Every structure is written in C-alpha cells, then in structure tokens.
Amino acid sequence: MKYQNPVITGCYPDPSICRVGDDYYVVNSSFEFFPGVPVWHSRDLVHWEQIGHCITRNSQLKLIKGRMNNSGIYAPTIRYHEGIFYMVVTNVANGEEGTGNFYVWTKDPAGEWSEPVFLNTEGIDPSIFFDDDGRAYYTGTSSAGIYLREIDFKNGKLVGEAVTLWAGTGGAYPEGPHLYKRNGWYYLMISEGGTERCHMLTMARSKNLTGPYEGCLDNPVMTNRSLGLPIQSVGHADLVEDGNGNWWAVCLGTRTFGYPHKHNLGRETMLVPVDWSGEWPVFGDNGRVLEEFETELLPKQCCPESASNDSYFDDFSSSKPDMGWNCIYNPDASLYEQTESGLCLHGNEKWLKDADTLAWVGRRQRHHVSCTVVTLEFPCRQEGEEAGLTIFMNNRHHYEAALYRDNTGRKLIFRRQIGSLEKVECTLDYESDGVKLKLESDLDEYRFSYQKADGEWEELGCGEVQYLTTEVGGAFTGNYIGLYSCGNGTKCQTSAIFSNFSYEGK
C-alpha cells in the first residue's frame, strides 16, 4: 500500500516514538505553546490520533515570556520501561529558574503525567536508553559532542560523570541523540547540520556502551539536502521496531514552496521505512525521505475509518477544550471561560503584538490550502477593545480581521503586522455586535472576508504568505489560526464570544 508524508501535519516537530505491544506513541516539541508536548497514538504508524499532552498544568512548566518561536519545550523523547512511560525534555530559556532538562512519567499516556523531575546537566535534546541489565542512561548534548550519564529514576537524579561518546561527522549542531542496541552493538543516531536545509541524520556504533564509537562509512544515513524533493530539512529522527521485526523511523521535515524555498506550516512529522537487514540501517529511498512510500510492511492494515485531520468543527459546547487548541505561554484562567454561547475571551490590557500572556487560543494550520470560518459576538463599547480571527506566526508576524472600537465607534478592520511594520489596511464602520469571519489560504495569500447581512461574503483584505514563513519571520514553529481579544492598553470591559469554528483543509 501507499502512504503519504507527513503522517502528522502542521507544526509537530522533533518526533520521538515508542511501542508498547501493538500500540505506538509519538511526542513532539511545543515551544512556547501550552499545553505542552502533545501525545499521539496509532496502531498502523500512518493514522495518528492525539490522546493528550505530557504538560497540562502550570505547576509542571514555567514558560519564559518574550522570546517567540525559539524558547520553551525542545525535542522530547518518550520511552517505556516496566509499565511506566517516561518523557524527558528541555525547557529552553537561557538558564532562568524553572528551566533546563527534566522528565515526567505516567502509567497512562492519555492521562495526567507527573510533576517534573529536574536533572542538573547541560545541553538540550535529552534521550533515555534502557540497557539489557535494566540500567538506564541519559544522553544529551554539550560543546564537546554527545555525552552519556547513568540515570537513577528511583531517586530522580543523574549519577556518575558524563562520558563523551561522539562529536558527529563535522556538521554543525550535533544534537538529537538516541541510543539503540542490536546484535551486540550500541548504535548512536544523531542529527547534524542544523534544522534547516542542511539537516541530516548520522550514525555511529560501538561494542561498548561508553565507546569508542565509529561512524558509519555511508554517513549521512538520511538527508534530503541539495535535492529537489517536495520534503526538505529532514532529520531529528527516532527508530522503532514493530512486532514483526520491521524497523521504522519518524523524523521531521518541511513542505516547501516557491523560490527561494519557504515554508509556513512548521516542521512536520514524517514516517520512513527502514531496512535493517544489514549491519547499518538504510532509511527510506536510499537515505531520502519521499512524499509517498509504497510498502506492504506496515504493522496493520491502515484504517480508512480513522478520523481525518482535513476538517474540524468546534461549537465550544464541551466542558473540556479540544486537545488541538493551545494558548501562548502559561495560561491565565481568568482570560478564558466556557459558556453556553461559546468560548468567551476576556481581553487584558495587552496588544496582539506583545510577547506576553494574552486572551488567545489557536490551532495549528495543517494544510497549505484551507478555509476557516468562525462566528464572533463582541459588542465592544470601550475605546481600544478588539477581538477577531488571526493567522499568527508570532507576535511580530501576523494578519487579522477584527471588531474594534475607536473614538468614533465600532469598526471592522483588517491589519497586517510584518516585523516592525504595522498597518490597518481596511476600516469599515460596523453597527452590528456580531460578525462571521472567514480566512482562506493557499500558497500565495491569506484572504480575510466577512459575511454581509444578505449572506454574501465581502473581502476585507489579504496578505502574502511569504511574510509569514520561517524564512522571513523565524524561527522554529509554524503558523497558527487564532482567536483573540485584547484591550490595547486597557483591560477589556466587554467579553468576546466565539462559536461555530470550522476548518477545512485540502
């Protein structure tokens, strides 16, 4: 059968995978968005359903404000051992209190995870390896390369001195280490070259856990660099063996467009068949990650009845938010309220361009071609009050349509923010308390419209996709479709109620 990459669309980078019986679990980076570390489940490796998050409580994670797209949760690893799931990860924020490397654990990956156990050690991209004797080891990154330390889960600490295993093949940023043991060999797999176009996967092995490690003569074992393939920047992979003895890798990659190549959906999760019949694994198509693979080796027949990620509807009637919704930084519960009428946002004094706690909820854009519609009720009466629909890369790169109140009355506006350049490009006098807004996307433009009283749609404005790409706006995340309310200097006196949110992707 054939399957398409990515298998998890949208900004779900740095995948890590483990298997328990017939069940497979994947976790991803979440950066400054909360809840953190999404958890996915599958039985066929192609169709994935989100079942939870590892980080769901403010007590588990302190996200440092002010650094958009390049701080927070980096590169988790998930492992299972003797009935317990472990997730180890880095909270990146230049050493501020409450950041660094930590792990959480659970017996139910779809349920609540433990409070964090911090590990006093340097670097990012931690991983865990359980050896045949039951001892556990931590691998991380340092300026000298990939290092190893024993980890004592009973007492929640690292023991012994760090041992440097391998510095890679000379590419920039050797990181993302994972250890595996097969046929008496310890295999160390890392990523090099940075997570941009030169990303690559390299491997080394040793008969001894602590080395010395010898690199594979065919390194890099996986890369799409310098190739005109639809998927670029592949790397940061993790391996899993299925119940039939076949091997697979999940890795990140980007779907680029235009020239020079750009991407706006972030780094997504790909599935790669791996042939490990020889001494070294062969990834994908002789080391290349393709948009489509054909294989008869998937662990189960793919499930056509699985829920599609191409469409989504939310009337906000559930008492518990759908797992696809995020907020920026740790949430302030006073800004959100679930009501019979829909999702109620109480805007604080911030602007949308502030890298701060906002009355903002968003879902990842998961298709280049998409259509989003939402209904907004917002009888704004205080000058400066604003609420609307935004396509949001970060606080300095976003477009939105909103209801807004100035000193002359209520307006319907369309705004573009591109770096330090900000302009309201359309302003309409608008008497009604409510409006239905639409956002359409393709590879060229984001287009905003509103529904008039006669049911027809009227365009408010559009913005080029290229200005909301990683190559223009930076850094590690993709675009979100967001709902927000803000007071632009003064706390809102009026609440914004959103209902009947729909998303259709192609």
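Residue positions are given per chain, counted from 1 along the sequence in the order it is written. Restriction of local features to residues with pLDDT of at least 70 applies here, the model being predicted, together with a cutoff of 80 or more for giving and counting side-chain atom pairs; totals for whole chains, interfaces and linings are based on all residues. Side-chain figures throughout are based on the complete set of non-hydrogen atoms in the structure, without hydrogens or water.

Asks: In this structure, what is going on with the overall build of the protein chain? I would like to understand it.
Replies: Strands here mean DSSP runs of E at least two residues long; helices mean DSSP runs of H or I at least four residues long; both are numbered from the N terminus. Each helix and strand counted, the protein chain has one helix and 38 strands in total. In terms of principal-axis extent, the alpha carbons of the protein chain reach across some 75 × 45 × 40 Å. Throughout, exposure labels follow a simple rule: accessible area from a 1.4 Å probe, protein chains only, divided by the maximum for the residue type, with under 20% read as buried, over 50% as exposed, and the rest as partly exposed. Expressed as a percentage of its 506 residues, the buried residues of the protein chain come to 60%. Lys and Arg are tallied as positive, Asp and Glu as negative. Neither His nor the chain termini are counted. Working definition for charges: the position is that of NZ of Lys, CZ of Arg, CG of Asp or CD of Glu. Computed over 44 positive and 69 negative side-chain charges, the separation of the two mean positions in the protein chain equals 2 Å.

Asks: Explain the sheet that holds strand β28 (residues 359-364) here, please?
Replies: Strands in a sheet are paired, the pairing made by backbone hydrogen bonds, and the direction either parallel or antiparallel. The strand order β28-β37-β30-β31-β32-β33 describes an open sheet built from six strands, whose pairing is antiparallel. Whereas interior strands pair on both sides, the edge strands pair on one side only; in this sheet they are β28 and β33 (421-429). Sheet twist, expressed as the mean angle between neighbouring strand axes with direction ignored, is 20°. Here ten bridges tie strand β31 (residues 397-406) to strand β32 (residues 409-418), and the two strands are oriented antiparallel to one another. Bridged to Ala402 within β32 is Ile413. Note on pairing: two strands pair once DSSP finds at least 2 bridges between them. Fitted lines through C-alpha atoms give the axes, limited to the stretch in contact for helices. The angle between two N-to-C directions lies from 0 to 180 degrees.

Asks: Looking at this model, I keep getting lost on the pattern of salt bridges. Mind explaining?
Replies: Oppositely charged side chains may form a pair once their charged atoms are brought near each other. We define a salt bridge as a contact between a side-chain nitrogen of Lys or Arg and a carboxyl oxygen of Asp or Glu at a distance within 4 Å. Tallying each qualifying case throughout the model produces 29 salt bridges. The salt bridge involving Arg205 is made with Glu214; its shortest N-O contact spans 3.7 Å.

Asks: How should I be thinking about the packing of aromatic side chains in this particular structure?
Replies: Any aromatic ring pair is given by two values, namely how distant the centres are and how the planes are angled relative to each other. Between rings of Phe, Tyr and Trp, where Trp is taken as its six-membered ring, a pair exists when centres lie within 6.5 Å; planes separated by under 30 degrees are stacked, by over 60 edge-to-face, and by other angles tilted. For the structure shown, the criterion picks out 29 aromatic pairs. Ring centres of Phe130 and Phe153 lie 5.9 Å apart, and the angle between their planes is 25°; on these two criteria the pair is classed as stacked. With Phe130 in strand β11 (residues 127-130) and Phe153 in the loop between β13 (145-152) and β14 (157-166), this pair connects stretches of sequence that are 23 residues apart. Each member of the pair, Phe130 as well as Phe153, is classed as buried. Judged by centre distance (5.5 Å) and plane angle (90°), the ring pair of Tyr187 and Trp280 falls under edge-to-face. Taken together, the positions of Tyr187 in strand β16 (residues 185-192) and Trp280 in the loop between β21 (268-275) and β22 (282-283) put the pair 93 residues apart, joining distant regions of the chain. The pair formed by Tyr187 and Trp280 is uniform in burial state, with each residue classed as buried. Taken together through their ring pairs, the aromatic side chains of Phe33, Trp360, Phe392 and Tyr480 make up a single cluster. In this structure, Arg205 is placed above the aromatic ring of Trp185, and the distance from its NZ or CZ to the ring centre is 3.7 Å. Charges are assigned to positions over rings by a cutoff of 6 Å between ring centre and Lys NZ or Arg CZ, combined with an angular limit of 35 degrees from the ring normal.

Asks: Can you help me understand the layout of surface pockets in this one?
Replies: Unfilled space is identified by rolling a water-sized probe across the atoms. Considering only enclosed or pocket space, the second largest pocket measures out at about 780 Å³ in volume. Along the wall of the second largest pocket there are 28 residues; nearest its centre are Pro35, Lys320, Pro321, Asp322 and Trp325. For the lining of the second largest pocket, the per-class residue count stands at 15 nonpolar, eight polar and five charged. Grid points spaced at 1 Å over the protein atoms alone were grouped into cavities, where a 1.4 Å probe fits but cannot get out, and pockets, open sets with protein on both sides within 12 Å along at least five of seven lines, with lining residues defined by an atom within 4 Å of a point. Grid points are joined across faces, edges and corners, and a volume is the space filled by probe spheres set on the points. Gly falls in the polar group here, along with every residue not listed as nonpolar (Ala, Val, Leu, Ile, Met, Phe, Trp, Tyr, Cys, Pro) or charged (Asp, Glu, Lys, Arg).

Asks: Can you help me understand the pairing of β16 in this one?
Replies: Across a regular strand the side chains alternate sides, sitting on one face of the sheet and then on the other. Here β16 lies mainly inside the structure; eight of its eight residues are buried. Here β16 shows no split at all, with Trp185, Tyr187, Met189 and Ser191 on one side and Tyr186, Leu188, Ile190 and Glu192 on the other all buried. A loop of two residues connects strand β15 (residues 175-182) with β16, the two strands running antiparallel in sequence, and Asn183 in this loop sits at a positive phi of about 50°. Strand direction decides the pairing type here: β16 and strand β17 (residues 200-206), joined by seven bridges, are antiparallel. Bridging across to β17, Tyr187 finds its partner in Arg205.

Asks: Would you explain the side chain of Thr223 in this entry?
Replies: Mapped onto the elements, Thr223 comes out in the loop between β18 (214-215) and β19 (231-241). For Thr223, a relative accessible area of 11% corresponds to the buried category. From its side chain, Thr223 meets the backbone oxygen of His199 in a polar contact 2.8 Å long. N or O atoms within 3.5 Å of each other form a polar contact, as long as, within protein, one can give a hydrogen and the other can take it, and as long as residues adjacent in sequence are counted only when both atoms are side-chain atoms.

Asks: Would you take a moment to explain the sheet that holds strand β12 (residues 136-142) for this structure?
Replies: Across the sheet, four strands lie side by side as β11-β12-β13-β14; this open sheet has antiparallel pairing. Two strands lie at the open edges of the sheet, namely β11 and β14, each paired on one side alone. Here the strands of the sheet are splayed against their neighbours by 30° on average, with no regard to which way each runs. Strand direction decides the pairing type here: β12 and β13, joined by seven bridges, are antiparallel. Paired with Ser142 across the bridge in β13 is Gly145.

Asks: Can you walk me through the environment of Gly489 in this structure?
Replies: Counting through the fold element by element, Gly489 comes out in the loop between β37 (480-486) and β38 (496-505). The spatial distance from the C-alpha of Gly489 to the C-alpha of Val240 is 51 Å, given a sequence separation of 249 residues. Note on contacts: a residue pair qualifies if any of its non-hydrogen atoms lie within 4.5 Å across the two residues. Ignoring any residue separated from it by four or fewer positions in sequence, one finds Gly489 in contact with Glu349 and Trp351.

Asks: Is there a simple way to think about the pairing of β37 in this case?
Replies: Of all the seven residues making up β37, seven are buried; the element is thus mostly covered by neighbouring parts of the structure. Residues of β37 alternate between two faces, with Tyr480, Gly482, Tyr484 and Cys486 on one and Ile481, Leu483 and Ser485 on the opposite face, all of them buried. As defined by bridge partners, β28 adjoins β37 across six bridges and the pair is classed as antiparallel. Residue pairing in the sheet places Arg364 in a bridge with Tyr480 of β37.

Asks: Looking at this structure, how should I read the state of the cysteines?
Replies: Note that a disulfide, as used here, is simply two cysteine sulfur atoms within 2.5 Å. By the definition in use, this model includes zero disulfides. As a non-bridged cysteine, Cys54 has Cys18 as the owner of its nearest cysteine sulfur, 10 Å distant. Free cysteine: Cys216, not disulfide-bonded; nearest cysteine sulfur from Cys251 at 17 Å. When its relative accessible area of 8% is taken as the criterion, Cys216 is described as buried.

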